Amino acid sequence: MSLYDDAVLVLKEYGDQPELRDVYLEHLAAHPDGMYKPCQAGHLTSSALVIDPARGRVLLTLHKKLGMWLQMGGHCEPGDAGLEAAALREAREESGIEAGLTLLPGGPVRLDRHPIPAPCHWHLDVQYAALAPADAVAEISEESLDLRWFAYDEVAGVADTSVVRLLENTLKRM
């Protein structure tokens, strides 16, 4: 199954945010290249909130270009088997946690559509949650200015609404 076909299937099965889900599906129907960065009308991205439920904390990255605390994530790549694989790859790359990350069952936790600077216009982010093993050691990547664990109740003070909603939805699902 292609990455495009996987994305369509994942989105069709996603039960929340029906209006936004339909925007994603309409985008893919109109843009067969809508999975990848070169699609200037916008493209899907895949991300994962790395969470340590045993310690009640999440790992956020201080994004190098945006200067914001965000979940791990980014562009899909041709070698990704699907959106889940892309989210896990991004989580591993940006967190430095090479082993033991597993996605929270049940598919995406939420969707977030946000504008980005030209030449592209939109990121259509499919957001997952990744459970970190108890012994996880995070290491900053070259894509980040900083990498830090935050207690659940600290997230609203450092991150934007999208990350706060992602955490809220993750905690509801757990």
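Note that the coordinates shown come from a computational prediction; the quantities given were computed from them, not determined experimentally. (Residues numbered from 1 in each chain as written. Predicted model: local features only at pLDDT ≥ 70, side-chain atom pairs only at ≥ 80, totals over all residues. Heavy atoms only, no water.)

**With respect to the overall build of the chain**
When you go through the chain residue by residue, the secondary structure sums to five helices and eight strands. Written out in order from the N terminus, the α and β elements of the chain read α-α-β-β-β-β-α-β-β-β-β-α-α. Its C-alpha radius of gyration of 15 Å places the chain within 12% of the 16 Å reference for a compact globule of 174 residues. On the principal axes, the C-alpha backbone points of the chain span a range of 45 × 30 × 30 Å. Here the chain displays about 8,500 Å² of accessible surface, and carbon together with sulfur accounts for 54% of that area. Of note, the chain has its 15 positive side-chain charges centred 3 Å away from the centre of its 27 negative side-chain charges. (Helix = DSSP H or I, 4+ residues; strand = E, 2+ residues; numbered from the N terminus. Rg over C-alpha atoms; globule rule 2.2 N^0.38 Å. Areas by Shrake-Rupley, 256 points an atom, 1.4 Å probe, with all protein chains shown as cover. Lys, Arg positive; Asp, Glu negative; His and termini not counted. Charge placed at Lys NZ, Arg CZ, Asp CG, Glu CD.)

**Notes on the packing of aromatic side chains**
For the structure shown, the criterion picks out one aromatic pair. Between Trp69 and Phe150 the ring centres are 5.0 Å apart and the planes differ by 75 degrees, which places this aromatic pair in the edge-to-face class. One end of the pair, Trp69, is in strand E3 (residues 69-70); the other, Phe150, is in strand E8 (residues 144-151), with 81 residues separating them in the sequence. The class for Trp69 is buried, based on a relative accessible area of 11%. It is Arg57 that lies over the ring of Trp149; its NZ or CZ is 4.0 Å from the centre. (Phe/Tyr/Trp six-rings, centres within 6.5 Å; stacked < 30°, edge-to-face > 60°. Buried < 20%, exposed > 50% of the residue type's maximum accessible area, 1.4 Å probe, protein only. Lys NZ or Arg CZ within 6 Å of the ring centre and 35° of its normal.)

**Observations concerning the pairing of strand E1 (residues 43-52)**
With respect to burial, E1 is a largely interior element, 10 of its 10 residues being buried. Along E1, one buried face is formed by His43, Thr45, Ser47, Leu49 and Ile51 and the opposite face, lined by Leu44, Ser46, Ala48, Val50 and Asp52, is buried too. Two strands pair when backbone bridges link them, and E1 and strand E7 (residues 122-131) are joined in this way by nine bridges, in the parallel orientation. In the sheet register, Leu49 faces E7, and the bridge partner there is Ala129. Looking at chain direction, E1 and strand E4 (residues 72-75) are connected through four bridges and run antiparallel. Its bridge partner lying in E4, Ser47 is registered against Gly73. In textbook terms, the turn of a hairpin is the stretch between consecutive antiparallel strands, and for E1 and strand E2 (residues 57-63) this stretch comprises four residues, one of which, Gly56, has a positive phi near 65 degrees. (Pairing = 2+ DSSP bridges.)

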